Amino acid sequence: MMNAFEMITLSQGLNLSSLFDRQQEYVKRQTRFVSRKPAKTIAATIEVVADSMGLKVHSQNYKLRLEGVSSNKMSPFAVVLEIFEVAPALFMVDVRKVAGDSLEYHRFYKNLCSKLESIIWRPIEVSAKSALLRTTTC
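These numbers come from a predicted model, not from an experiment. (Residues numbered from 1 in each chain as written. Predicted model: local features only at pLDDT ≥ 70, side-chain atom pairs only at ≥ 80, totals over all residues. Heavy atoms only, no water.)

A. A look at helix 3 (residues 39-52). Counted at 1.5 Å a residue, the expected span for helix 3 with its 14 residues is 20 Å, and the 20 Å between its end C-alpha atoms agrees. Turning to helix 3, its buried residues number three or more, namely Ala-39, Ile-42, Ala-43, Thr-45, Ile-46, Val-49 and Ala-50. Along the axis of helix 3, the buried positions cluster into a sector of 165°, meaning they face one direction only. The exposed residues of helix 3 that point more than 90 degrees off its buried face are Lys-40, Val-48, Asp-51 and Ser-52. Phi for Gly-54, located one or two positions after helix 3, is positive at around 80°. (Helix = DSSP H or I, 4+ residues; strand = E, 2+ residues; numbered from the N terminus. Expected span 1.5 Å × (residues − 1). Buried < 20%, exposed > 50% of the residue type's maximum accessible area, 1.4 Å probe, protein only. Arc of directions from axis to C-beta.)

What follows is the structure, encoded as structure tokens:
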């Protein structure tokens, strides 16, 4: 289960990394989604989808690294997905770009989310002003 300090570091409003990371890109490098499926099911589903997308998967302790070649076939492309339990039966999957173009990463993320519809949880009623909607989610 995630502790309060880990949750604070994942919150965009309280994230102080931009003060220290001078090389942070303008385009956001991380995205996330939530699921009510068990962590093992989430990880297994991500592995199957990544394989179908032609990506190599490295998995350890609910942290997955997906590697491939960028669409221009000239540079590596890699993302890391980490599964956190934020509450009983509620998991957050944090997706971060490790290598490759940011625009390609966002295309990849949208494609990944479309293939993970079966495990992504969306609340029935969501306020338009909700802070959860301000982060990039599926």
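Picking up where we left off.
B. Here's a closer look at the confidence of the model for the chain. Mean pLDDT over the chain stands at 78; residues scoring 70 or higher make up 68%. Contacts for the low-pLDDT stretch residues 22-27, under 50 throughout, to residues beyond four places or in other chains number five contacts. (pLDDT = per-residue confidence, 0-100. Contact = heavy atoms within 4.5 Å.)

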